[in-house]
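What follows is the residue order along each chain.
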Amino acid sequence: MNILIFGPNGSGKGTQGSIVQKKYGVPHIETGVIFRQNISQKTPLGEKAKVFIDRGELVPDDITVPMILNRLKEDDCKKGWLLDGFPRNLAQAEALYSALEKEKMKLDYVIEIELERDIAKKRIMGRRLCKTDNNHPNNIYIEAIKPADKNGKMICRVCSCEDLTTRADDQDAAAIDKRHNIYYDTKTGTLAAVNFFKKKAKVISVDGSAGVKEVSAALLQKFV
Ligand code: AMP
């Protein structure tokens, strides 16, 4: 099973990606993770990519495209793959599509998690981390997981811990906007890539505004 997954930052793409990956037992290939590994291992590819990543820009296609196409040829991808974070623009989508055709590899599904831009931004900025357990979901903008209140102070809705913090990069509105500018660009950006696949492959679009369970149920039900 060969699958692509798309969704803006804040849409829960990572969470849904790992649910799909577990169900189909294929490797979850995340471009960002590959870059970060190369950066921490100080490889030549990592050194090149770091400059762009630190500026919040996309790593150029001549570095990214061959890296991913080579990754898809590795042994663990023989039974399929779930590709996450690539393609990120129309040029990468076209390059991937022609490489797959050349290798006679089929694209089984393309998943699109749809979420309005202002909601995606609020989800990121509203996230609150519980000191006791980072997996306790708290978000000041999502009714279902709003932190609880204790004498006017926000506390974790799961364990009532009083230490709720934010992640620094979650509060960087300019960085979020920069990433969203790339994602929501329907001319040459990520949504242009999604629209390209709508003409070429089976695209499953789900509404990402619901909770994790509802989104994954809607998603998995569309696989045949
Ligand atoms: P991510 O973890 O997916 O947000 O990726 C982190 C960073 O890696 C991005 O901000 C980009 O700089 C770079 N990156 C990830 N995927 C791609 C891609 N498909 N093309 C170019 N750069 C990418």
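Residues numbered from 1 in each chain as written. Predicted model: local features only at pLDDT ≥ 70, side-chain atom pairs only at ≥ 80, totals over all residues. Heavy atoms only, no water.

## Considerations on the pairing of strand β1 (residues 2-6)
Phase 1: Among the five residues of β1, five are classified as buried, and the element is accordingly described as predominantly covered.
Phase 2: Taken together, the four bridges between β1 and strand β3 (residues 81-84) define a ladder with parallel strand orientation. Each residue of the ladder has a partner; that of Asn-2, found in β3, is Trp-81.
Phase 3: Here β1 pairs with strand β4 (residues 109-114) via four bridges, running parallel. Within β4, the position partnered with Ile-5 by the bridge is Ile-111. (Buried < 20%, exposed > 50% of the residue type's maximum accessible area, 1.4 Å probe, protein only. Helix = DSSP H or I, 4+ residues; strand = E, 2+ residues; numbered from the N terminus. Pairing = 2+ DSSP bridges.)

## Brief notes about the domain arrangement of the protein
Phase 1: In terms of domain boundaries, the protein breaks down into domain 1 (2-124 + 171-221) and domain 2 (128-165).
Phase 2: Inter-centroid distance (C-alpha atoms) of domain 1 to domain 2 is 30 Å. (Domains from an automatic or database assignment.)

## Regarding the pattern of salt bridges
Phase 1: The tally for this structure, following the rule as stated, stands at 16 salt bridges.
Phase 2: Ionic pairing is found between Asp-75 and Lys-78, a salt bridge with its closest N-O pair at 2.8 Å.
Phase 3: Of the charged contacts, one joins Lys-131 and Asp-163 as a salt bridge, the two residues approaching to 3.7 Å between their closest N and O atoms. Residue Lys-131 is located in the loop between β5 (129-130) and β6 (148-150), and its partner Asp-163 is located in the loop between β7 (153-155) and β8 (164-165); the two are separated by 32 residues in the primary sequence.
Phase 4: For Lys-131, a relative accessible area of 58% puts it in the exposed group.
Phase 5: Under the relative-accessibility criterion, Asp-163 is labelled partly exposed at 35%.
Phase 6: Overlapping salt bridges bring together Arg-127, Arg-167, Asp-169 and Asp-170 as one network. (Salt bridge = Lys/Arg side-chain N within 4 Å of Asp/Glu carboxyl O.)

## Here's the deal with the site of the ligand
Phase 1: Inspection of the region around the ligand gives 14 residues, with Glu-57, Val-59, Gly-85, Gln-92 and Arg-179 positioned closest.
Phase 2: A distance of 2.9 Å is found between a nitrogen atom of the ligand and a backbone nitrogen or oxygen belonging to Val-59.
Phase 3: Taking Gly-85, its main chain carries an N or O atom lying 2.8 Å from a nitrogen atom of the ligand.
Phase 4: For the ligand, whose unbound accessible area comes to 480 Å², protein coverage reaches 89%. (Near = heavy atom within 4 Å. Polar contact = N/O pair within 3.5 Å; in protein donor to acceptor, adjacent residues only side chain to side chain. Areas by Shrake-Rupley, 256 points an atom, 1.4 Å probe, with all protein chains shown as cover.)

## Topic: the packing of aromatic side chains
Phase 1: This structure, assessed with the given rule, holds six aromatic pairs.
Phase 2: Centroid distance Tyr-109 to Phe-223: 4.5 Å. Interplanar angle 55°. Geometry classified as tilted. With Tyr-109 in strand β4 and Phe-223 in the segment after α9 (212-221), this residue pair connects regions lying 114 residues apart in the sequence.
Phase 3: On the basis of relative accessibility, which here comes to 8%, the residue Phe-223 falls in the buried class.
Phase 4: Seen from their ring centres, Phe-196 and Phe-197 are 5.2 Å apart, and the 85° between their planes marks the pair as edge-to-face. (Phe/Tyr/Trp six-rings, centres within 6.5 Å; stacked < 30°, edge-to-face > 60°.)

## A closer look at helix α8 (residues 190-198)
Phase 1: Among the nine residues of α8, seven are classified as buried, and the element is accordingly described as predominantly covered.
Phase 2: Considered for burial, the residues of α8 that qualify are Thr-190, Leu-191, Ala-192, Ala-193, Val-194, Phe-196 and Phe-197.
Phase 3: Where α8 is buried, its residues contact β1, α5 (90-102), β4, α7 (173-183) and β9 (203-207). (Contact = heavy atoms within 4.5 Å.)

## Here's the deal with the nonpolar core
A general trend in soluble globular proteins is that nonpolar side chains are found buried together.
Phase 1: If you look at the biggest cluster of nonpolar residues, it comprises 31 residues, and the most contacted ones within it are Leu-4, Phe-6, Trp-81, Leu-83, Leu-96, Leu-107 and Phe-197.
Phase 2: Elements that contribute at least two residues to this core include exactly β1, α2 (31-40), α4 (61-71), β3, α5 and α8.
Phase 3: If one sorts the elements of this core by residue count, α8 sits on top with five residues.
Phase 4: With residues up to four places along the chain from it excluded, the contact list for Phe-6 reads Lys-13, Pro-87, Val-110, Ile-111, Glu-112, Ile-113, Tyr-183, Thr-190, Ala-193, Val-194 and Phe-197.
Phase 5: Counting 13 residues, the second largest nonpolar core, distinct from the first, contains Val-20, Tyr-109, Leu-219 and Phe-223. (Core = buried A, V, L, I, M, F, W, Y, C linked by side-chain atoms within 4.5 Å.)

## What about the confidence of the model for the protein?
The predicted coordinates of low-pLDDT regions are not to be read in fine detail.
Phase 1: With 100% of its residues at a pLDDT of at least 70, the protein reaches an overall mean of 93.
Phase 2: Averaged over each element, pLDDT in the protein is lowest for helix α1 (residues 13-24) (90) and highest for α8 (98). (pLDDT = per-residue confidence, 0-100.)

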